[in-house]
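# Notes for the structure review
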Amino acid sequence: MSVHAFVFPGQGSQSVGMGLSLFEAFGTAREVFQEVDDALNQKLSELIFRGEPDELTRTENAQPALMAVSMATLRVLESEGGLKLPDVAALVAGHSLGEYSALAAAGSFGIAQTARLLRLRGQAMQRAVPAGEGGMAALLGVDLDQARAICETAAVLKVDGQPDRQEVLEVANDNGGGQVVVSGQLDAVKRAIEEARSRGVKRAVLLPVSAPFHCSLMRPAADEMAEALARADIAAPVVPVVANVTAAKATDPATIRDLLVRQVTGSVRWRESVQAMAAMGVDSIVELGAGKVLSGLVRRIDGNLAVKNAGTPDEIEALLKTL
């Protein structure tokens, strides 16, 4: 019998129209979208289903929107298939904001609370660094050590006749399959792209993001989230969460609170998280929500893991036949 981990996507998986088929087909999905709309005092569902892509992609919208689609998917699995998370999943995990979806799925947060926390998280991240001062780049065809070496070199700003200046440039996501994302001050990120190319790296591209996520420049956002999470009610998850910053299981609410604060500035250790889940006996990864980004990464990290998706009525029907 398979041992499943349920995983939840992060920013970049959003697309206009995601979740609409669930909304139209299932009352339980409509209830989730309504709860998120009410929590944010905004018709976020209308933006998700029919909005402008640029507006949906804004961090403060994309984060609660992706969580809403993931939770609608889970609620439909529960209502239509009689699924109970602790009965079918040994672990949960999520990529960046997806960790909040994972915790909501496991009962640590309510949906409304998660939506409000993610809205604040998105706004705080945007506020932390003025537009145009930070950036992120994807390096393809590198391992973690190579990416760190590129960061170490490119972080140094050399100006003739002046002392070298150290700028912020750090590994933001170790996504696995030779994909590492770096984050920091924009000029340093651009130097990283040039450095990577000079080292023969397969591909190095600037990402279309509005802020340098998961690096020390996000410290002001981490401080805001620390205040918000200090006030938040966090229950012990019914299934352990594998945390981004440790790639290890967490179940204690105080620990989870600390990990979520650290996650804002810390690297997303997705490759190690997937490897850790496999080492704990997981042989099947189920991605719930929009897109198939994590499924693709998982396949490249460990080809022995079975990978399934659910984010539409047809996918839910197919998944229920296998669980």
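Up top is the structure.
The sections below set out a description of the structure shown in this document. (Residues numbered from 1 in each chain as written. Predicted model: local features only at pLDDT ≥ 70, side-chain atom pairs only at ≥ 80, totals over all residues. Heavy atoms only, no water.)

## Considerations on the overall build of the chain
Here is the rule we go by: Each helix is a run of H or I in the DSSP string that is no shorter than four residues. Each strand is a run of E no shorter than two, and both are numbered from the N terminus. Taken over C-alpha atoms, the radius of gyration is set against a globule rule of 2.2 Å times the number of residues to the power 0.38. We call two residues contacting when some pair of their heavy atoms lies within 4.5 Å. Only four residue types enter the charge count: Lys and Arg as positive, Asp and Glu as negative, with His and the chain ends excluded. Charge placement uses NZ in Lys and CZ in Arg. For Asp and Glu, CG and CD serve respectively.
Regarding its fold elements, the chain presents 15 helices and 12 strands. For 323 residues, the compact-globule estimate of 2.2 N^0.38 gives 20 Å, and the chain sits close to it at 19 Å. Projected onto its principal axes, the C-alpha positions of the chain cover 70 × 45 × 35 Å. Considering only residue pairs separated by 6 or more positions, the chain has 73% of its internal contacts joining residues 24 or more positions apart. Computed over 31 positive and 39 negative side-chain charges, the inter-centroid distance for the chain is 2 Å.

## Things to note about the packing of helix α5 (residues 59–81) against helix α15 (residues 313–320)
Operational definition: Angular values range over 0 to 180 degrees, each being the angle between N-to-C directions of two axes fitted as lines to C-alpha atoms, with helices fitted over their stretch in contact. Reported orientations rely on four angle classes, namely roughly parallel under 35 degrees, roughly antiparallel over 145, roughly perpendicular from 65 to 115, and oblique for the rest. In this scheme, a crossing is called left-handed if the near helix is turned counterclockwise away from the far one by less than a right angle; it is called right-handed if the turn is clockwise.
Between α5 and α15, the shortest axis-to-axis distance is 11 Å and the interhelical angle comes to 55 degrees. Classified by the angle between their axes, α5 and α15 sit oblique to one another. The interaxial crossing formed by α5 with α15 has right-handed handedness. Contact with α5, carried on its side by T73, V76, L77, E80 and G81, involves I316, L319 and L320 of α15 and no other residues of that element.

## Thoughts on the nonpolar core
When a protein is soluble and globular, its nonpolar side chains tend to lie buried together. What counts here: Think of a nonpolar core as a cluster: buried Ala, Val, Leu, Ile, Met, Phe, Trp, Tyr and Cys residues, connected wherever their side-chain atoms sit within 4.5 Å. Categorising residues by exposure relies on relative accessible area from a 1.4 Å probe, with only protein chains included: less than 20% of the type maximum marks a residue as buried, more than 50% marks it as exposed, and the intermediate range marks it as partly exposed.
F6, I48, L85, V92, F109, M218 and L288 are the most contacted members of the largest nonpolar core, which totals 79 residues. For L85, the contacting residues outside a window of four places in its chain are F6, L74, V92, A105, A106, V238 and V239. L139, A147, V182 and V189 belong to the second largest nonpolar core, which has 20 residues in total.

## Here's the deal with the layout of surface pockets
Spelled out, the test is: Each cavity reported here is a set of points on a 1 Å grid over the protein atoms alone in which a 1.4 Å probe fits but cannot get out, each pocket an open set with protein on both sides within 12 Å along at least five of seven lines, and each lining residue one with an atom within 4 Å of a point. Grid points are joined across faces, edges and corners, and a volume is the space filled by probe spheres set on the points. Classification used: nonpolar for Ala, Val, Leu, Ile, Met, Phe, Trp, Tyr, Cys and Pro, charged for Asp, Glu, Lys and Arg, polar for all others including Gly.
In this structure, the largest pocket occupies an estimated 660 Å³ of space. Every residue lining the largest pocket is counted, 28 residues in all, and those nearest its centre are Q11, G12, N173, L207 and V209. Of all the elements in the fold, those that place two or more residues in the lining of the largest pocket are α5, α8 (111–128), β3 (134–140), β6 (169–176), β7 (179–185) and α14 (293–301). Grouping the constituent residues of the lining of the largest pocket by class yields 12 nonpolar, 15 polar and one charged.

## Considerations on the packing of aromatic side chains
The geometry of an aromatic ring pair is captured by the separation of the ring centres together with the interplanar angle, meaning the angle of the planes. Filter applied, for reference: Pairing of aromatic side chains here covers Phe, Tyr and the six-membered ring of Trp, requires ring centres within 6.5 Å, and sorts the geometry by plane angle: under 30 degrees stacked, over 60 edge-to-face, intermediate tilted.
Tallied over the full model, the rule gives four aromatic pairs. Aromatic side chains F23 and F33 sit 6.1 Å apart centroid to centroid with 65 degrees between the ring planes, which places their arrangement in the edge-to-face category. One end of the pair, F23, is in helix α1 (residues 20–25); the other, F33, is in helix α2 (residues 27–40), with 10 residues separating them in the sequence. With relative accessibility at 27%, the residue F23 sits in the partly exposed group. Following the ring pairs from residue to residue traces out a cluster consisting of F23, F33 and F49.

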